[in-house]
Amino acid sequence: DGGITQSPKYLFRKEGQNVTLSCEQNLNHDAMYWYRQDPGQGLRLIYYSQIVNDFQKGDIAEGYSVSREKKESFPLTVTSAQKNPTAFYLCASRSGGTNNEQFFGPGTRLTVL
Amino acid sequence: GQSLEQPSEVTAVEGAIVQINCTYQTSGFYGLSWYQQHDGGAPTFLSYNALDGLEETGRFSSFLSRSDSYGYLLLQELQMKDSASYFCASPPRGTGFQKLVFGTGTRLLVSP
């Protein structure tokens, strides 16, 4: 089945530790995205990538880093510089079709203790 | 900049019709999308309006008026499973379709 996988579903880390969230897609999509969602809030864009080996900052990139070494993979690292990292993190990819649809993974809920 | 405003919450009963509005402030508008998200789940795409008018997909319809900077999602024959959050979204000016800005989200509560 084609889709986007994120692992793990729940992640706990101590304050001051870096943590990397996984995002893999087998949809053959060029564009991939990372969003952050806080309780009762909308989605805010952290980073996005239109093609392998290229990525751009979104609206809230501070304290985060990404890489795009393979088309299928777009991992997100939450660094210790991120002041409030506890949130729900969603990865998405885009087909490039005329309806501009983005396909989302199941998300990772990160809790920093 | 770009912002999309939605009501925070809407309530309705099963079988009813509900409209979720989205107003935006932007220029160079590239169309309006709608996504559904159940609690703890992933957003899923519902519809996209590139041009003014109504788009219908089963029980869901979406409308766009670019002159009024306004769109809405219409849900008919409401079912309990429609209880979810609904987000409108649009590409920011100058980015083509590279990325989306999402609205504040509307939580729909459907009661028996």
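Above this text is the structure in question.
Keep in mind that what you see is a predicted model, and the values were worked out from it rather than measured.

1. Considerations on the environment of Met32 of chain A
All names here are of chain A.
(1) Moving on: Locating Met32 in the fold gives a position in strand β4 (residues 31-37).
(2) Moving on: A residue is classified by how much of its surface remains accessible, and Met32, at 0% relative accessible area, is buried.
(3) Moving on: For Met32 and Tyr89, which are 57 residues apart along the polypeptide, the C-alpha to C-alpha distance reads 13 Å.
(4) Moving on: Discounting residues that sit within four places of it in the chain, Met32 has contacts with Cys23, Gln25, Tyr48, Ser49, Arg68, Lys71, Glu72, Ser73, Phe74, Cys91, Ala92 and Ser93.

2. Remarks on a nonpolar patch on the surface
(1) Moving on: Where nonpolar side chains cluster on the molecular surface, the patch consists of Tyr10, Phe12 and Leu113 of chain A and spans about 390 Å² of accessible area.
(2) Moving on: Here Phe12 of chain A is to be found in strand β2 (residues 10-13).

3. Topic: the layout of surface pockets
(1) Moving on: Here the largest pocket defines a volume of roughly 300 Å³.
(2) Moving on: If you go around the largest pocket, you meet 18 residues; those closest to its centre are Gln37, Gly40 and Gln41 of chain A together with Gln37 and Ser85 of chain B.
(3) Moving on: Broken down by secondary-structure element, the contributors of at least two residues to the lining of the largest pocket are β9 (84-90) and β11 (106-111) of chain B.
(4) Moving on: Taken together, the residues of the lining of the largest pocket break down into three nonpolar, eleven polar and four charged.

4. Structural notes on the pattern of salt bridges
All names here are of chain A.
(1) Moving on: This structure, assessed with the given rule, holds six salt bridges over all chains.
(2) Moving on: Between Lys71 and Asp30 there is a salt bridge; the shortest N-O distance is 3.4 Å. Pair noted here: Lys71 is in the loop between β7 (64-66) and β8 (76-78) and Asp30 is in the loop between β3 (19-25) and β4, with a separation of 41 residues, a long-range link.
(3) Moving on: Residue Arg36 pairs with Asp38 through a salt bridge whose shortest N-O separation is 3.0 Å.
(4) Moving on: The exposure class assigned to Asp38 is buried, which follows from its relative accessible area of 16%.
(5) Moving on: Where salt bridges share partners, they join Arg36, Asp38 and Arg44 into one cluster.

Reading the values: rules and limits
Residues numbered from 1 in each chain as written. Chains lettered and ligands numbered in written order. Predicted model: local features only at pLDDT ≥ 70, side-chain atom pairs only at ≥ 80, totals over all residues. Heavy atoms only, no water. Helix = DSSP H or I, 4+ residues; strand = E, 2+ residues; numbered from the N terminus. Buried < 20%, exposed > 50% of the residue type's maximum accessible area, 1.4 Å probe, protein only. Contact = heavy atoms within 4.5 Å. Patch = residues over 30% accessible without salt bridge, like charges linked within 9 Å, V, L, I, M, F, W, Y side chains within 5 Å. Areas by Shrake-Rupley, 256 points an atom, 1.4 Å probe, with all protein chains shown as cover. Salt bridge = Lys/Arg side-chain N within 4 Å of Asp/Glu carboxyl O. 1 Å grid on protein atoms, 1.4 Å probe; cavity = no way out; pocket = protein on both sides within 12 Å on 5 of 7 lines; lining within 4 Å. Points joined across faces, edges and corners; volume = space filled by probe spheres on them. Nonpolar A, V, L, I, M, F, W, Y, C, P; charged D, E, K, R; others polar.

Honestly, that's just the spatial picture; any functional story needs more than this.
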